[in-house]
Amino acid sequence: MAPAAAVAASIPSGAAFAGGSLPLAVLIALVACLFTASCVAELARELPAAGSVSTYAAQGLHPAVGFLVGWGYVFVEALVPPLLLLQLGFTTAGTLHQEWSSYPADLWWPWALAGAAIIAVAGYFGVRASARFGTFLGVFEVLVFLVFAVWLIGKAGGDNTLSVFGTSHTAEGYRGVSGVFAGSVYTVLAFAGFEAAAPLAEETRNPRRTMHRAVLGAALGIGLFYVVTTYAMTVYFGPDRFARFGASGAASWEGVARASFGLFWVLVFLAVVNSTIANANACANVSTRTAFALARIRVMPRILAVLHPRYRSPVAGIAVQTVVAVGAVLGLGFGYDPVTAFLLLATVIVTVVIGVYIVVNLACAGYFLRRRRELLKPVRHLLLPLLGIVAFVPALLTAAGLPVFDFVTELTAPVSYAGPIVAVWMAAGVVVLLVLMRRHPERVAETARVHLDDPSPTGLAQNGAARP
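Just so it is clear, the model here is predicted, and its values are computed rather than measured.

(A) View of the overall build of the chain. Looking only at helices and strands, the chain features 16 helices and zero strands. By principal-axis analysis of the C-alpha atoms, the chain measures approximately 65 × 50 × 40 Å. Buried positions account for 56% of the 468 residues belonging to the chain. Look at the contacts in the chain between residues 6 or more apart in sequence, and 79% of them connect residues 24 or more apart. Counting 29 positive and 21 negative side-chain charges, the chain places the averaged centre of each group 12 Å from the other.

Written out as C-alpha cells, the structure reads:
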C-alpha cells in the first residue's frame, strides 16, 4: 500500500479541498474502504485462490465477468511497479540535485532500473523471501512516519485540536461538508492495495483464516496510520493554512522536516524511497500471481504459469513483469518526462482498480445470495457492498476526469489518454473473451475454480513448496 509515499504525496492532494479538515476526509475514506475491504475479506475466506478478484467475480456474478476483471487487474497491477519506479527515479534524482547541484536533476533512470533489478531478484527467490523483504521495508517506513508524527504532535503543544475532525477548516471555495467529501475522494486513492494479500492465498498457511485477517488488517491498520500522521501534520502546520500543503516544496512533509527537524528529513526521504520499492515489490507479486492463475486455466499464455523448480515462483511471469516495467519506465519517461509518465500511469491504474472494487462489491452480494445463502448476513453481505459501491463512484468519476461534481476537473493530455487506454485494453479483453467462449468455453468457466479445493498439485505452493 506504500504508506509513506501515500502520506507524503497522495493524501496531501486532498488538502486543496479539505484544507485543515483533511484528517476528517482521511477518516471518511477509511470507513469507505472498510466497506469494500469487508467484502474482499469475506470472499477471500470462502474462495482462497491466486485468481483473487477474478475468481470472486466469476463465482459471485459470471465467469465472463471474472475473466474481464482478471484481464483488467493483471494489466493495472503490472503497471504499478513502473509507476513506482518512476517515482523512485525522479524523487531520488531531485533530492540529490537539491543537495548537490552538480548532480543532474534529469538523471533519474539509473535509480529506476536499480529498483527494477531489486524487485526482480526478490520475486525470483519466491514469495517467502519477497514477503519478508516487503515486510522489513514496510515496518521501516511506518516507524519513521509514526515517530515523526508523535514528534509533530508534541511540538504542536496547545495547538492540538479535535476541530480538524470537523468541517470548519476546509479550503476556500469548498466550505463545509462538500470540501471534506471532495478531499476524501482524493485520499481514498491512498488506500488502493489493501486487497493485495488475496492473490497469495495458495502460498499461505491456513488461507481461509489468514486472508480474511490480512485484507481487513491492511485496510484498518494502514488507515489508522494515515489518520494519525495526517492529524499530526495538520495541527503542527496549522489547520487554517493547510490548504497550501502539498507533495513538494516547503509546505510538504520533507519541507517541514528540512526546516524544523534538521537531518530528520533524510529519514523521511529514505522512508518514501523505501516505500516505492516495497509497494512495487508487492504489486509485482500480485500481477505475477494473478497472471499465473489465468495462465493455469489457459486464458492467458501458458508460459506465465511456469514455476521455478525450487522456489516455486512464477519465473516466466516475473521476467515478463520486469520487461514491461523497464519498457514502460524508459518509454514513457523519455517520451514525456518521469513526472508526466507517473501521472498518466496513475490515472490508468486508479480508473481500473476502482472499477474492480465496485465489481467485487457486487460479487460479494451475488456470491452469498446465489451460492451460500445459508451463510448470508444482510448487513455484511448486502448493505456493506452497497455502501462500498456508493463510496467509490465519486472516486471513479474523479479518476476518469468526468466533471459530474464541481470539484472534478477535466483531464489534459497526455493524462487524458488514460480513459482511451483503458477502453482499448478492456475492448481487447472482450474480443479475447468472445473467442474463448466460442472455441474453449470450459476455460472461461475455469475462472471460478478454487484450486486449493482440488487434490491435484496445480497451486503455487504445491509439490513440497514452503508456505510462508
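Next comes the rest of the description.
(B) Structural detail: unusual backbone geometry. One non-glycine residue with positive phi stands out, namely Arg-298, at about 65°. Looking at the secondary structure, you find Arg-298 in the loop between helix H11 (264-296) and helix H12 (315-335).

(C) Representation of the nonpolar core. Ranked by internal contacts, the top residues of the largest apolar core, which has 116 residues, are Leu-43, Phe-145, Phe-194, Tyr-226 and Trp-253. With 18 residues, the single largest contributor to this core is helix H13 (residues 338-370). Contacts of Phe-145, omitting those with residues within four sequence positions, involve Ala-4, Val-7, Ala-8, Phe-225, Thr-229, Trp-253, Val-268, Ala-271 and Val-272. With 17 residues, the next largest nonpolar core counts Phe-67, Trp-71, Met-300 and Leu-436 among its residues.

(D) Seen up close, the packing of aromatic side chains. For the structure on display, the rule yields 23 aromatic pairs. The interplanar angle of 50° and the centroid separation of 6.1 Å between the aromatic rings of Phe-225 and Tyr-226 together place this pair among those described as tilted. A residue is classified by how much of its surface remains accessible, and Phe-225, at 6% relative accessible area, is buried. Judged by centre distance (5.2 Å) and plane angle (75°), the ring pair of Phe-237 and Phe-245 falls under edge-to-face. Each member of the pair Phe-237 and Phe-245 is classed as buried.

(E) Main features of helix H15 (residues 418-439). Over its 22 residues, H15 extends 32 Å from the first C-alpha to the last, a length consistent with the 32 Å expected when each residue adds 1.5 Å. All buried positions along H15 are accounted for by Ala-418, Val-422, Gly-429, Leu-433 and Leu-436. Along the axis of H15, the buried positions cluster into a sector of 65°, meaning they face one direction only. More than 90 degrees from the buried face of H15, the exposed residues found are Val-424, Val-431, Leu-434, Arg-438 and Arg-439. Looking at the buried side of H15, the elements it contacts are helix H5 (63-99), H13 and helix H16 (441-445).

(F) Region of the structure containing helix H8 (residues 177-187). Burial analysis of H8 places eight of its 11 residues in the buried class, which makes it a mostly covered element. Burial in H8 covers these residues: Gly-179, Val-180, Ala-182, Gly-183, Ser-184, Val-185, Tyr-186 and Thr-187.

(G) Region of the structure containing the packing of helix H3 (residues 22-46) against H13. Here H3 crosses H13 at 50°, and the two axes come no closer than 9 Å. With respect to H13, the element H3 is oriented oblique. Seen from above, H3 lies across H13 with left-handed handedness. Here Phe-35, Thr-36, Cys-39, Val-40, Glu-42, Leu-43 and Glu-46 of H3 lie close against H13, whose contacting residues are Tyr-357, Val-360, Asn-361, Ala-363, Cys-364, Tyr-367 and Phe-368. Partitioned by chemical class, the residues of the contact of H3 with H13 number 10 nonpolar, two polar and two charged.

(H) Representation of the confidence of the model for the chain in the model. Taken as a whole, the chain shows an average pLDDT of 85; of its residues, 92% reach a score of 70 or greater. For residues 462-468, every residue scores under 50 in pLDDT, and the model assigns this stretch 22 contacts once sequence neighbours within four places are set aside.

(I) Region of interest: the environment of Gly-249. Turning to its location among the elements, Gly-249 is positioned in the loop between helix H9 (207-237) and helix H10 (253-260). Classification of Gly-249 as partly exposed rests on a relative accessible area of 47%. Distance in space between the C-alpha atoms of Gly-249 and Gly-223 is 25 Å, their sequence separation being 26 residues.

(J) Representation of the side chain of Ser-184 within the structure. With respect to the helices, strands and loops of the structure, Ser-184 is situated in helix H8. We classify Ser-184 as buried; its relative accessible area is 7%. Sequence-distant contacts of Ser-184, defined by excluding residues within four places in its chain, comprise Ala-25, Ile-28 and Ala-29.

(K) Structural context of the packing of H10 against H11. In contact at an axis separation of 8 Å, H10 and H11 are set at 160° when each is read in the N-to-C sense. On the basis of their axis angle, the class for H10 and H11 is roughly antiparallel. Remark: the crossing between H10 and H11 carries left-handed chirality. Residues Glu-254, Ala-257 and Arg-258 of H10 form the contact with H11, whose participating residues are Trp-265, Val-268 and Phe-269. For the contact of H10 with H11, a count of residues per class yields four nonpolar, no polar and two charged.

(L) A nonpolar patch on the surface, seen in detail. Side chains of Val-379, Leu-383, Leu-386, Leu-387 and Val-390 sit close together on the surface and give an oily, nonpolar patch of about 430 Å² of accessible area. Looking at the element boundaries, Leu-383 is found in helix H14 (residues 378-400).

(M) Representation of the environment of Lys-155 within the structure. Take Lys-155: it is sitting in helix H7 (residues 126-156). Given the relative accessible area of 53%, Lys-155 is considered exposed. Through-space distance from the C-alpha of Lys-155 to that of Ala-120 is 42 Å; in sequence the pair is 35 residues apart. Apart from the residues lying within four places of it in its own chain, the contact partners of Lys-155 are Tyr-236 and Phe-261.

(N) Molecular detail of the environment of Phe-35. Following the sequence through the fold, Phe-35 ends up in helix H3. The spatial distance from the C-alpha of Phe-35 to the C-alpha of Ala-78 is 26 Å, given a sequence separation of 43 residues.

(O) Quick look at the pattern of salt bridges. Going through the model one piece at a time under the given rule, you end up with seven salt bridges. In this structure, Glu-99 and Arg-258 form a salt bridge, with 2.7 Å as the shortest nitrogen-oxygen distance. One end of the pair, Glu-99, is in helix H5; the other, Arg-258, is in helix H10, and 159 residues separate them in sequence. Here Glu-99 falls in the partly exposed class, since its relative accessible area comes to 35%. A relative accessible area of 25% means that Arg-258 is categorised as partly exposed.

The rules we used
Residues numbered from 1 in each chain as written. Predicted model: local features only at pLDDT ≥ 70, side-chain atom pairs only at ≥ 80, totals over all residues. Heavy atoms only, no water. Helix = DSSP H or I, 4+ residues; strand = E, 2+ residues; numbered from the N terminus. Buried < 20%, exposed > 50% of the residue type's maximum accessible area, 1.4 Å probe, protein only. Contact = heavy atoms within 4.5 Å. Lys, Arg positive; Asp, Glu negative; His and termini not counted. Charge placed at Lys NZ, Arg CZ, Asp CG, Glu CD. Core = buried A, V, L, I, M, F, W, Y, C linked by side-chain atoms within 4.5 Å. Phe/Tyr/Trp six-rings, centres within 6.5 Å; stacked < 30°, edge-to-face > 60°. Expected span 1.5 Å × (residues − 1). Arc of directions from axis to C-beta. Axes fitted to C-alpha atoms, helices over the stretch in contact; angles between N-to-C directions. Parallel < 35°, antiparallel > 145°, perpendicular 65-115°, else oblique. Left-handed = near helix turned anticlockwise from the far one by under 90°. Nonpolar A, V, L, I, M, F, W, Y, C, P; charged D, E, K, R; others polar. pLDDT = per-residue confidence, 0-100. Patch = residues over 30% accessible without salt bridge, like charges linked within 9 Å, V, L, I, M, F, W, Y side chains within 5 Å. Areas by Shrake-Rupley, 256 points an atom, 1.4 Å probe, with all protein chains shown as cover. Salt bridge = Lys/Arg side-chain N within 4 Å of Asp/Glu carboxyl O.

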